[in-house]
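Topology and contacts: notes
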Amino acid sequence: MTAQTELESKAETHGQATAKRAEKVDFKMITFSLAGKEYGVDIMNVKEIAKASRFTYVPNAAPFVRGVYNLRGEIISVVDLRIFFHLPAERKAEDALESLIILKIEEHVFGVIVDAIDKVVGISSASIQPPHPIFGDINVKYIRGIVENGGKLYIILDVEKIFAPPRAEEVGAAAATPTEAVRAREAESPAAIAAGGDVSAAFIKETLASFRGFYVTTLNETWFDARFAQWKAMRKGEDLQLREASEADQFLEGFWSPGTGELWDDDYCAAVEKALPPIEAKSINVWNPGCGKGYETWALACVLRKRYPETRIKIWANDSDLLAISMAPNMVFSEDSPAYYAPFLSKGRNGMAFNQAVRDSIFFEFHDVLNANTLPPLDLVLCRDMLSFVAPIDQMRLLGDFSDKLKPNGIVLCGANERLVEGWAAAGSGLVQAFRKD
Amino acid sequence: MRVEYINPFVEAAFNVLREVLQSDVRRGELYLKSTSMPVMGVAAIVGLAGDVEGRVLFDMDKPTALKIASAMNNEQLNSFDDLVKATITELANMITAQAVTKLHDLGFRFDLTPPAIFTGENMEVSNADVEALIVPMETAHGKIEINVAVRERA
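Starting afresh in each chain, residues are numbered from 1 along the sequence in its written order. All chains are assigned letters beginning with A, and all ligands numbers beginning with 1, in the order in which they are written. Predicted model: local features are reported for residues with pLDDT of at least 70 only, side-chain atom pairs are reported and counted for 80 or more only, and whole-chain, interface and lining totals are derived from all residues.

**Some points on the sheet that holds strand 17 (residues 406-414) of chain A**
By definition, the strands of a sheet pair up through backbone hydrogen bonds, in either a parallel or an antiparallel sense. All names here are of chain A. A pair of strands is considered paired only if DSSP assigns at least 2 bridges between the two. The numbering of helices and of strands both runs from the N terminus, where a helix is a DSSP run of H or I of at least 4 residues and a strand a run of E of at least 2. Read from one edge of the open sheet, 7 strands run 15-12-11-16-17-19-18, paired in mixed fashion. The sheet is open, and its two borders are formed by strand 15 (362-366) and strand 18 (424-426), each paired with just one other strand. Averaged over all pairs of adjacent strands, the angle between their axes in this sheet comes to 25°, without regard to strand direction. The pairing of strand 17 with strand 19 (residues 433-437) spans 4 bridges and is antiparallel. Residue pairing across strands places V412 opposite F435, the latter belonging to strand 19. Set on the sheet, helix 10 (residues 295-307) makes contact with strand 11 (283-289), strand 12 (312-319), strand 15 and strand 16 (378-382); between it and strand 12 the angle comes to about 165°. It is the C-beta atoms, placed from the backbone, that decide contacts: two residues are in contact if theirs lie within 7 Å. A fitted line through C-alpha atoms represents every axis, and for helices the fit uses only the stretch in contact; the resulting angles, taken between N-to-C directions, go from 0 to 180 degrees. On top of the sheet, helix 13 (residues 392-405) reaches strand 16, strand 17 and strand 19; it is set at about 140° to strand 17, its chief contact.

In structure tokens form, the structure reads like this:
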């Protein structure tokens, strides 16, 4: 609407001053568009409008937070309203200017990104109608009302509700709406949606991810639910939340598989040996992503040697922690290692070391599994407690890699508390969680 | 990349650079990279074959290349001519050859291809399916990045 038509409409308003409803302009709003629809916010909440780009990315922030921005010395957080409301947002180049409305709510200043800022529209607050429940794109609780002006319908957003600092009991709920939903859309992980049910559970999932990089998905959901029930009982009405990294560690106690980060004991070795299928081929290829210091890789090499004595064994063991893996190839062990390893150990200069046959079967590689993995067809993947520590989207990718590279009868050995679902069938028993392609 | 391969390259780069430049050299933090990366301006490349397949790339900007070539030739070189190119190529060859010798002592069989040198603005190198180990070296004349991308021959 041009200034002229605005004047006209004002004149019209004056002309109809005695009409059925007293039309006095007592509510002004800034109007803008999101995904082709018109919206408005109360001008009293708007500090200014601006064009800006190059927002500073904030790690671990919710997906709708584009970052922070320096507004003449004041650091403000910038929220992309389109992503917040799950509307299509065009990805602009890094330095392309975005339209920003700077909002001031109580003492806080925020920037919100919208498609385009239109103008200021004055209306009578009496003409605002309550939102209709079937309004579609945007959750009704964030809408203050609908108003018609100059032939256009504007949806007035209740920015105070959107940006008010969430009260404790709302934290989970708020997190469960945009954050979780966006994540779920990205990773298509049903676990994230289910999280909405229990606020504290959702909160614990968030903190586990940020403190320890542990992600709850279908992979470990069963364990998480059981552990959460236990945690609740342990804390008895106390605050359930994990406030620091050490509490996250405490929560994760019991997640670890037997023999994590050390040579497996005799019982576990025997259990793994039993879970391995008979293999006729002349050579066996194994992938061990996330091998850390390599103890478990050595243990597996011995188990495989014993299970398939006549076969050529090749294990690719990767880790992206240079410090951990650089020690792995030349590891020495103490004399009182479990009896299972005795046939493979020989006395070296500095202590017990594995014999050449075992050594030759392992390739320790400094490699990040999130980069491209080039491997031959595999018979076995050992990834105990490793998948839980990569982001859901990478989890899906790695599982895709496993399934691409495994031979038809190949198996994946997971952590004791991890379960592969969708396209995988259980093939293990007891202590050892093994899965084959379904 | 196999853990055993890392040290020979790092040590060879460190020793050779310190010897030819007669000055202090500092090694930066090693890291992995998989996407394509920009080349600073001068890149010498040596191919590897044998037990593995891959290549080593020595990347630096032009002023650094000039200063290093000047130091190695004991004279002030001001233009990027054949002598500078030959010197940088030779440096790449020396470092890779020493690394391969060390690897040989450890029982790995590597062969090298003759080095090649690329110069230009706005260059980029990509190996889509092999990640590269980046060894940054800080010398008195500027930064050299050694970019090793090798994989086991399947």
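**Focus: the interface of chain B and chain A**
The figure often quoted for interface size is the accessible area lost as the parts come together. Residue-level contacts link 15 residues of chain B with 16 residues of chain A. Residue assignment for the side of chain B that touches chain A shows that the elements contributing at least two residues are helix 1 (3-21) and strand 10 (142-152) of chain B. A per-class count over the side of chain B that touches chain A returns 8 nonpolar, 1 polar and 6 charged. Only Asp, Glu, Lys and Arg are considered charged in this grouping, and only Ala, Val, Leu, Ile, Met, Phe, Trp, Tyr, Cys and Pro are considered nonpolar; every other residue, Gly among them, is considered polar.

**A look at the confidence of the model for chain B**
All names here are of chain B. For chain B, per-residue confidence averages 89 on the pLDDT scale, and 97% of positions sit at 70 or higher. Scored between 0 and 100, pLDDT is the confidence that the predictor attaches to each residue. Across chain B, the element-wise mean pLDDT spans from 78 in strand 3 (residues 37-39) up to 93 in helix 3 (residues 82-105). Across the assembled chains, the prediction reports ipTM 0.83 with pTM 0.63.

**Overview of the pairing of strand 1 (residues 27-34) of chain A**
All names here are of chain A. Counting other C-beta atoms within 10 Å of a residue's C-beta gives its exposure: the residue is buried at 20 or more, exposed at 12 or fewer, and partly exposed in between, where C-beta atoms are placed from the backbone. Burial of strand 1 is extensive: 6 of the 8 residues sit out of reach of the surface. Bridge count for strand 1 against strand 8 (residues 116-123) is 6 bridges, and the pairing is antiparallel. The residue bridging K28 from the neighbouring strand is G122, located in strand 8. Bridging between strand 1 and strand 2 (residues 37-42) involves 6 bridges; their strand directions are antiparallel.

**Quick notes on helix 13 of chain A**
All names here are of chain A. To estimate how far a helix should reach, multiply one less than its number of residues by 1.5 Å. Over its 14 residues, helix 13 runs 20 Å from end to end, which matches the ideal 20 Å to within 8%, given 1.5 Å per residue. Every buried residue of helix 13 is accounted for by P392, Q395, L398, L399 and F402. Across the axial projection of helix 13, the buried residues extend over an arc of 115°, all falling on one side. Turned more than 90 degrees away from the buried face of helix 13, the exposed residues are G400 and D404. Each direction from the helix axis to a C-beta atom contributes to the arc, which is the arc of those directions.

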